[in-house]
Number of protein chains: 2
Amino acid sequence: MMDERVRERVLNAADRLYYGRGIQSVGMDELRRASGVSLKGLYGVFPSKAAIVLEVLDRRHALWNTGVTDRVARAETPRAKLLAIYDYLSDWFSDDTFRGCGFINAFAELGSISPEVAERAREHKAGFQSFVAGLVADAGADPDLAPQLSILAEGAQTTAAIAGTGEAAVHARHAAEILIDAAMLSGATSASECPSAKA
Amino acid sequence: MMDERVRERVLNAADRLYYGRGIQSVGMDELRRASGVSLKGLYGVFPSKAAIVLEVLDRRHALWNTGVTDRVARAETPRAKLLAIYDYLSDWFSDDTFRGCGFINAFAELGSISPEVAERAREHKAGFQSFVAGLVADAGADPDLAPQLSILAEGAQTTAAIAGTGEAAVHARHAAEILIDAAMLSGATSASECPSAKA
DNA sequence: TTGCTTTGAGAACGTTCGTTCTCTATGGTT
DNA sequence: AACCATAGAGAACGAACGTTCTCAAAGCAA
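### Remarks on the layout of surface pockets
All names here are of chain B. Its volume calculated, the second largest pocket comes out at about 330 Å³. Among the secondary structure elements, those contributing two or more residues to the lining of the second largest pocket are helix 1 (3-21), helix 4 (49-73), helix 5 (78-94) and helix 6 (102-110). Residue composition of the lining of the second largest pocket, grouped by class: eight nonpolar, four polar and four charged.

Now the structure itself:
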């Protein structure tokens, strides 16, 4: 089988298994069975399990980035773009394979014993935070809004994962609306006006 | 050695090791070495590693509860009590052994293969959420504020853990102030007044 | 001292892990 | 047909895991 096809099948199976059941709980034998690639083929394309884990994280990072970027791009106003993040989360949470953020999970499992995994998690989160910061800047809002919205998104993911329900996305979106409205005021002017709380 | 002292030493060591390096990464032999309790003594008091894990989680749950409850009790106004949560987080984050929420970590590692661990995590989070809901009710604010504040606290914990810095607590506290102010308006009356954004 | 119980240190057991090796069968080339 | 490179299935290996067992030392009763 061609190398690229082998890689694809292994990484697909590995992502599904690692995300669904945890990295340490899934052995190479199960990955062989799930991917249909023999152990020899597997080690012919990847040097080790650790390398597979890192590639799985990289793919998941790219998938998340395009997913949220596309969703945000479909919104029109700067405010709607910020809120689109939580709509994307809401859809994700209602996927019945949802089991929290793969990077948070990987970090919790391996972050303290694998510097590479910890670094991927940090990069992933930092990337998201700077993406949000860009949207906040486009909206002309107070820059402090960015970490606030990032924290909301983060909290929604873990809350939804542990609770097993997706309602956290709705709550986070609601909170985001309020924070955005407050930050659009203090970002543009110095908050001397007195508008009503809701539009 | 007396059983209670053995339990104490084992659970202290287990909590430190499991929290610091992950549960699956710490073997019984290392726990024996760290606790100074022989393997025989260990299995004389606990039936299995899984039982130790659950007791560690229970202790951590109790510790968190008393810690945050005490901190909240020291605040005077309902608003200050809600914000005290984030001050507690801020102190926790600056502890150099901080490595995120132990329940999120345990859930990520074992939630999908250990129903008991998953249940402890759910109970822990549900307990915190209803604690916050009580404070929100005491403050006379819109009940929707409670999940919003819980999500902020959750997000601050994972953000601080992965970033390795504690600044998320400050951002979360800031966001909480804005959300509280908004919810105190819509909770007490039907938001017909027009106050300034900050007190 | 003698005998009995308890205990700690760590060897041992069975399993599982990641990784490598063996062997066989297959498919393509001449 | 003869040859050879390849690749799959799974055995094999060393290490680590959770758990149990062995055995010698130590404490205590008589």
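### Describing the interface of chain A and chain B
Interface size is commonly expressed as the accessible surface area that is lost when the partners come together. The interface of chain A with chain B comprises 41 residues on the first partner and 41 residues on the second. Summing both partners gives a buried area of about 3,500 Å² for chain A against chain B, and 68% of it is carried by carbon and sulfur. Joining chain A to chain B, the criterion identifies zero salt bridges. Every element with two or more residues in the side of chain A that touches chain B is listed here: helix 1 (3-21), helix 6 (102-110), helix 7 (115-139), helix 8 (145-163) and helix 9 (167-188) of chain A.

### Digging into empty space enclosed by the protein
Tallied over the entire structure, the rule returns four cavities of 30 Å³ or more. Approximately 130 Å³ is the volume found for the largest cavity. Residue lining of the largest cavity: 15 residues in total, with Tyr18(A), Tyr19(A), Ile23(A), Gly102(A) and Ala106(A) positioned closest to the centre. Listed by contribution, the elements that provide at least two residues to the lining of the largest cavity are helix 1, helix 4 (49-73) and helix 6 of chain A. Tallied by class, residues from the lining of the largest cavity come to eight nonpolar, three polar and four charged. In terms of domain composition, the lining of the largest cavity takes at least three residues from each of domain 1 (1-46) and domain 2 (56-188) of chain A. Of the voids in this model, the second largest cavity is the one considered here, and its volume is about 110 Å³. Looking at the lining of the second largest cavity, the elements that each hand over two or more residues are helix 1, helix 4 and helix 6 of chain B. For the lining of the second largest cavity, the residue count by class is seven nonpolar, three polar and three charged.

### So, the pattern of salt bridges
All names here are of chain A. Summed over all chains, the structure comprises 28 salt bridges over all chains. A salt bridge links Arg173 to Glu177; the nearest nitrogen and oxygen atoms lie 3.8 Å apart. Of the two residues, Arg173 and Glu177 both sit in helix 9, four residues apart, roughly one turn of that helix. Judged by its relative accessible area of 23%, Glu177 is partly exposed.

### Details of the protein's contact with DNA strand D
In the vicinity of DNA strand D, the contacting residues are Ser38(A), Lys40(A), Val26(B), Gly27(B), Met28(B), Leu39(B), Lys40(B), Tyr43(B), Ser48(B) and Lys49(B). In DNA strand D, atoms within 4 Å of the protein come 50% from sugar and phosphate. In this structure, a base oxygen belonging to DNA strand D sits 2.8 Å away from a side-chain N or O atom of Lys40(A). Between DNA strand D and Tyr43(B), the relevant distance is 2.6 Å, taken from a phosphate oxygen to a side-chain nitrogen or oxygen of the residue. Counting residues per element, the surface near DNA strand D draws most heavily on helix 3 (residues 39-45) of chain B, which supplies three residues.

### Things to note about the domain arrangement of chain A
Residue and element names in this part refer to chain A. Assigned domains of chain A: these are domain 1 (1-46) and domain 2 (56-188). One C-alpha centre belongs to domain 1, the other to domain 2; they are set 28 Å apart. Tallying the contact residues gives 13 residues for domain 1 and 13 residues for domain 2. Both faces combined, the contact of domain 1 with domain 2 buries some 1,100 Å², and carbon together with sulfur accounts for 49% of it. Counting every contact that joins domain 1 to domain 2 gives two salt bridges. Here Asp15 and Arg60 are joined by a salt bridge, their closest N and O atoms 2.8 Å apart. Counting across the domain 1 and domain 2 interface gives seven residue pairs in polar contact (both at pLDDT 80 or more). Split into classes, the residues belonging to the side of domain 1 that touches domain 2 amount to five nonpolar, five polar and three charged.

The rules behind each value
Residues numbered from 1 in each chain as written. Chains lettered and ligands numbered in written order. Predicted model: local features only at pLDDT ≥ 70, side-chain atom pairs only at ≥ 80, totals over all residues. Heavy atoms only, no water. 1 Å grid on protein atoms, 1.4 Å probe; cavity = no way out; pocket = protein on both sides within 12 Å on 5 of 7 lines; lining within 4 Å. Points joined across faces, edges and corners; volume = space filled by probe spheres on them. Helix = DSSP H or I, 4+ residues; strand = E, 2+ residues; numbered from the N terminus. Nonpolar A, V, L, I, M, F, W, Y, C, P; charged D, E, K, R; others polar. Contact = heavy atoms within 4.5 Å. Buried area = accessible area lost by both parts, 1.4 Å probe. Salt bridge = Lys/Arg side-chain N within 4 Å of Asp/Glu carboxyl O. Domains from an automatic or database assignment. Buried < 20%, exposed > 50% of the residue type's maximum accessible area, 1.4 Å probe, protein only. Near = heavy atom within 4 Å. Polar contact = N/O pair within 3.5 Å; in protein donor to acceptor, adjacent residues only side chain to side chain.

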